[in-house]
Amino acid sequence: MNERADPDIALMTEIASLYYMQGETQEAIAVRLGMSRIKVGRMLKRAQTEGIVDVRVRHHPSVAAEIEQALIRRFGIRRALIALDCADADQQRHEVSSLVADHLSRTLEDGTMVAVGMGRNVGTVADNVFNQRTRQCSFICAIGGSLRAGEYMNPDHICRRLAARFGGESETLYAPAMVASAELRDAMLENPTVRQTLDRARRADIAMIGIGDLSEDSNMVRMGWFSPQEIAEARLSGTVGDMMGYDFIDLNGRPSHTPMQGRVIGLSIPDLARIPEVIAIASESTKAAGILGALRTGVIDVLATSATNAHTILHLDEASRQV
C-alpha cells in the first residue's frame, strides 16, 4: 500500500515558484495565500530541505572570468569552471560538479560520444543534471569497474545515470579497473570485448575524468587497490596524483616511476590527448598538486575545481618554476 503523499508538497512548490521564479515577496505571498509571513518563510526552508528548491550561489561573472583567464593564459586550456569555496567536502563536490553538468547541458548534441571515468566527482555530475531535453548521446566507460567502488563511483553506473538524464545510451567496459600486474593488463587489453569498448571510448568527442591525489584517504586506498605504504612510497618518489586512476604523474606532468603504474584497464594519457575535449574534475583541497601535474600534461581542455584550488595551483605553478 502506497504511503499518503505529503499534503504540503503542492503548497511548498507553489510558494517556491512564486518566490524564486516570479519574484514575489514573502509578504505578498502571505496575503495572496491567506497565511502568515512566518509560515511562508518556513515553507521556503522546507522546500530546500525536501529538494523542491535547489539554491546555487555563483561567483560574480567578473570574478570567475578573472580566475578563468589566469588559468587559460598559464596552461593553455580552453575553459575553467570555478566554484565558490565550501567548508563541507560533499557540498564542494556538488558545487564543482554542478558547473560540469551545466557545461554538458550547453555542449552535448545528438550523436555526441562521451568517455566517462570513475570516482566521486564524476559520479556527482549525473546528480546535478535537471530537466534536460532528450539527446541521442553515447556514454562509454573509459575505465573498468570495481566492486569496492560501489554503484555510485563505478563508471558503468555513472554512464547509466547520465544516459537516463540526457537521453541516449550507455556502454559498459566488461573488465576490472585494476589487475595484479602490467602483464595481465596487457593481456586483458587484447580481449576483443575490452578492445572494442576502449576503441569506441578513444573515438569520443568528450572525456570526463577525475584527478586523484595520493592521500591515505584517496579512492585507491579505500577501494583496496593500494596500501597506505605504497601510496607513501609513491609520494616519496615524486608522484603527486593520477588521471582517472590510470596514469600516475609527477608535478611536471610526466609519468612517475612507481610500481603502481600500468595496472589499470582504461584510457591512457596518450588516448586522452586525441580526444577533442577532456574535462577534468577535482573538488578536494588535497588535490592541488595533482591538478597542477595533470594540467602540465597538456591534455586537459576544461578544468572544474574550487576557487581556492585555482589560486593554489597558480601560486604553486609560479613557485615551482622558480626552483
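First, a word on what this report is: a plain description of the structure on this page.

What counts and how
- Residues numbered from 1 in each chain as written.
- Predicted model: local features only at pLDDT ≥ 70, side-chain atom pairs only at ≥ 80, totals over all residues.
- Heavy atoms only, no water.
- Helix = DSSP H or I, 4+ residues; strand = E, 2+ residues; numbered from the N terminus.
- Rg over C-alpha atoms; globule rule 2.2 N^0.38 Å.
- Buried < 20%, exposed > 50% of the residue type's maximum accessible area, 1.4 Å probe, protein only.
- Contact = heavy atoms within 4.5 Å.
- Areas by Shrake-Rupley, 256 points an atom, 1.4 Å probe, with all protein chains shown as cover.
- Lys, Arg positive; Asp, Glu negative; His and termini not counted.
- Charge placed at Lys NZ, Arg CZ, Asp CG, Glu CD.
- Expected span 1.5 Å × (residues − 1).
- Arc of directions from axis to C-beta.
- Polar contact = N/O pair within 3.5 Å; in protein donor to acceptor, adjacent residues only side chain to side chain.

Focus on the overall build of the protein
The number of helices and strands found in the protein is 15 helices and nine strands. Against the globule reference of 20 Å for 323 residues, the protein gives a C-alpha radius of gyration of 22 Å, in line with a compact fold. Projecting the C-alpha coordinates of the protein onto the three principal axes gives extents of approximately 70 × 55 × 35 Å. Looking at the protein as a whole, 52% of its 323 residues qualify as buried. Across the protein, the fraction of contacts at a sequence separation of at least 24, relative to all contacts at a separation of at least 6, is 73%. Within the structure as shown, the protein displays about 15,600 Å² of accessible surface, and the carbon and sulfur contribution to it stands at 51%. Looking at charge distribution, the protein has the averaged site of its 35 positive side-chain charges lying 2 Å from that of its 41 negative ones.

Topic: helix H8 (residues 155-166)
For H8, which comprises 12 residues, the first-to-last C-alpha distance of 16 Å matches the rise-based estimate of 16 Å (1.5 Å per residue) to within 8%. Within H8, the full set of buried residues consists of Pro155, Asp156, Ile158, Cys159, Leu162, Ala163 and Phe166. Viewed along the axis of H8, the buried residues span an arc of 160 degrees, placing them on a single side of the element. After H8 finishes, the residue Gly167 shows a positive phi value of roughly 100 degrees.

Remarks on the side chain of Ser138
Counting through the fold element by element, Ser138 comes out in strand E3 (residues 138-141). On the accessibility criterion, Ser138 (12% relative accessible area) is buried. Of the polar contacts made by the side chain of Ser138, one reaches the side chain of Glu169; its length is 3.1 Å. Sequence-distant contacts of Ser138, that is, excluding residues within four places in its chain, are made with Thr112, Met113, Val114, Glu169 and Arg200.

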